[in-house]
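Listed below, chain by chain, are the residues.
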Amino acid sequence: MTTIQILTKNNEKTIAKTLESIEKIQCEKTIIDLNSSDKTCEICSKYKDVKIFNHAENESRAAIRNKFSKEKEINIYLNPWENLIQGDCFLNKIIEKPK
């Protein structure tokens, strides 16, 4: 299975556009929020099929990403200000469909 993973920290201004760009991609979507004090988590919770985890910002972002990455699976990392222009068309063709 493929997972798109996004680390967030006070990204209420950009996260909705990012999530909209991956909404039709058929894979697991994981938000790892680093204790945002804005509405980032509230915005993320409006999107179905998005799993939200809260994590203390007590390690490097790379270590946090690795903790939530799944072995022997495809992990795609997006920043909360990035958008996939052809996300659903492009990625759904290369992502293995769940059986």
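Refer to the structure presented above.
Calculation rules
Residues numbered from 1 in each chain as written. Predicted model: local features only at pLDDT ≥ 70, side-chain atom pairs only at ≥ 80, totals over all residues. Heavy atoms only, no water. Helix = DSSP H or I, 4+ residues; strand = E, 2+ residues; numbered from the N terminus. Buried < 20%, exposed > 50% of the residue type's maximum accessible area, 1.4 Å probe, protein only. Salt bridge = Lys/Arg side-chain N within 4 Å of Asp/Glu carboxyl O. Pairing = 2+ DSSP bridges. Axes fitted to C-alpha atoms, helices over the stretch in contact; angles between N-to-C directions. Contact = heavy atoms within 4.5 Å.

Trainee: Can you walk me through unusual backbone geometry in this structure?
Mentor: Most peptide bonds are trans, and most residues other than glycine sit at a negative phi. If you check the backbone angles, Asn10 has positive phi at about 55° while not being a glycine. The phi torsion at Asn35 lies on the positive side, around 60°, for a residue other than glycine. Its place among the elements puts Asn35 in the loop between strand S2 (28-33) and helix H2 (40-44). For Asn35, a relative accessible area of 46% gives the class partly exposed.

Trainee: Would you take a moment to explain the pattern of salt bridges for this structure?
Mentor: Side-chain pairs of opposite charge can arise where the charged atoms are in close proximity. Scanning the entire structure with this criterion turns up four salt bridges. Measuring nitrogen to oxygen at the nearest pair gives 3.3 Å for the salt bridge that ties Lys9 to Glu57. A residue pair is termed long-range when its members are at least 10 positions apart, and Lys9 in the loop between strand S1 (2-8) and helix H1 (15-22) and Glu57 in the loop between strand S3 (50-54) and helix H3 (61-68) qualify at 48 residues. On the basis of relative accessible area, Lys9 is assigned to the partly exposed category, the value being 29%. When its relative accessible area of 42% is taken as the criterion, Glu57 is described as partly exposed. For the salt bridge of Glu28 with Lys51, the shortest nitrogen-to-oxygen distance reads 3.3 Å. Of this pair, Glu28 sits in strand S2 while Lys51 sits in strand S3; the two residues are 23 residues apart in sequence, bridging distant segments of the chain.

Trainee: Just checking my understanding: could you explain the sheet that holds strand S4 (residues 74-78) for this structure?
Mentor: The strands that make up a sheet pair up through hydrogen bonds in the backbone, lying either parallel or antiparallel. Spatially, four strands are ordered S3-S2-S1-S4 in an open sheet, and the strand pairing comes out parallel. Lying at the two open borders of the sheet, with one neighbouring strand each, are S3 and S4. On average, adjacent strands in this sheet sit at an angle of 25° to one another, irrespective of strand direction. Sheet analysis places S2 next to S3, joined by five bridges and oriented parallel. Residue pairing in the sheet places Lys29 in a bridge with Val50 of S3. Across the sheet, H1 is in contact with S1, S2, S3 and S4; its angle to S1 comes to roughly 175°. Across the face of the sheet, H3 comes into contact with S1, S2, S3 and S4 while running at roughly 145° to S1.

Nothing here speaks to function; it is all geometry.
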